[in-house]
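Examining the three-dimensional arrangement
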Amino acid sequence: TATQSSYIFNLFTFNPPLSYGTWSNCDSPFFTNVPLTSLVIDPTDDPNLYGPDVFLIFNGKNTMIHLYGATDINNNVIFPYFYAPLGYQVTVVVIGEKEGKLYSSFTPITIGSNQTVNFTLSETTDNAFHAALTALN
């Protein structure tokens, strides 16, 4: 049985998806000559209950970005990314764990100007999560 941490390791090594390898980044923009915008990933669930990890998986690019939690002006936990390339297609992948059960969310989006995307976690199985990652190849 896989755990949230083992899936996070697989996402950082991107194995799967894209088991042939890739590149990840979290602290600076890697897109050049592209307009950048702010993207906020906003949980509908209490993040303190699930400990979610949020990733952006770019369609057609061998890259992913791990977003880290921050608090907004109302002290709500959000997952911001201030260097989002405008118009790019990504899948927002969120994984969490509650009471020993795996939860996830897969949300495909096209990055719009100063966009906020909500996610809701649903209980999943190891096999279903693995299949959803593999489908991103």
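Scroll up a little and you will see the structure.
This one's a predicted model, so the numbers in the text were calculated from it and none came from an experiment.

1. Some remarks on the overall build of the protein chain
Along its length, the protein chain carries three helices and ten strands. Seen in sequence order, the protein chain has helices and strands lined up from the N terminus as α-β-β-α-β-β-β-β-β-β-β-β-α. Taking the contacts inside the protein chain whose residues are at least 6 apart along the sequence as the reference set, 70% of them involve residues at least 24 apart. Carbon and sulfur atoms provide 49% of the accessible area of the protein chain, an area that totals close to 7,000 Å².

2. With respect to the sheet that holds strand S2 (residues 36-43)
One open sheet holds the four strands; their spatial order is S5-S6-S2-S9, and the pairing between them is mixed. The outermost strands of the open sheet, each flanked by one partner alone, are strand S5 (70-71) and strand S9 (115-119). As paired elements, S2 and S9 share five bridges and run parallel to each other. Pairing of Asp42 across the sheet is with Asn118, part of S9.

3. So, the packing of aromatic side chains
Scanning all chains against the criterion turns up five aromatic pairs. Geometrically, the ring pair formed by Phe79 and Phe119 is tilted, given 6.4 Å between the ring centres and 55° between the ring planes. Here Phe79 is found in strand S6 (residues 77-85), whereas its partner Phe119 is found in strand S9, with 40 residues between them in sequence. For Phe119, a relative accessible area of 2% gives the class buried. Centre to centre, the rings of Phe106 and Phe129 are 5.5 Å apart; their planes meet at 55°, and the pair counts as tilted. Linking Phe106 in strand S8 (residues 101-110) with Phe129 in helix H3 (residues 126-134), this pair joins segments that are 23 residues apart in sequence. A residue is classified by how much of its surface remains accessible, and Phe129, at 0% relative accessible area, is buried.

4. Considering unusual backbone geometry
Phi at Asn75 takes a positive value of approximately 65°, unusual for a residue other than glycine. Take Asn75: it is sitting in the loop between S5 and S6. We classify Asn75 as exposed; its relative accessible area is 63%. A positive phi angle, near 50°, is found at Glu99, a position not held by glycine. Checked against the element boundaries, Glu99 lands in the loop between strand S7 (89-98) and S8. For Glu99, a relative accessible area of 73% translates into the label exposed.

5. Remarks on the nonpolar core
Counting residues in each nonpolar core, the largest one holds 22 residues, and the members touching the most others are Leu39, Ile41, Val54, Leu56 and Leu67. Listed by contribution, the elements that provide at least two residues to this core are S2, strand S3 (53-58), strand S4 (63-67), S6, S7, S8 and S9. Discounting chain neighbours no more than four positions away, the residues touching Ile41 are Val54, Leu56, Leu67, Ile78, Phe79, Val92, Val117 and Phe119. One finds Met64, Ile95, Phe129 and Leu133 within the second-largest nonpolar core, a separate group that totals eight residues.

6. So, the pairing of S2
The pairing of S2 with S6 spans five bridges and is antiparallel. The residue bridging Leu39 from the neighbouring strand is Tyr81, located in S6.

7. What to know about the environment of Lys61
In this fold, Lys61 is placed in the loop between S3 and S4. By relative accessible area, Lys61 is classed as partly exposed at 35%. In the structure, Lys61 is positioned 27 residues away from Tyr88 in sequence and 9.9 Å away in space, judged by C-alpha atoms.

Definitions and limits used
- Residues numbered from 1 in each chain as written.
- Predicted model: local features only at pLDDT ≥ 70, side-chain atom pairs only at ≥ 80, totals over all residues.
- Heavy atoms only, no water.
- Helix = DSSP H or I, 4+ residues; strand = E, 2+ residues; numbered from the N terminus.
- Contact = heavy atoms within 4.5 Å.
- Areas by Shrake-Rupley, 256 points an atom, 1.4 Å probe, with all protein chains shown as cover.
- Pairing = 2+ DSSP bridges.
- Phe/Tyr/Trp six-rings, centres within 6.5 Å; stacked < 30°, edge-to-face > 60°.
- Buried < 20%, exposed > 50% of the residue type's maximum accessible area, 1.4 Å probe, protein only.
- Core = buried A, V, L, I, M, F, W, Y, C linked by side-chain atoms within 4.5 Å.

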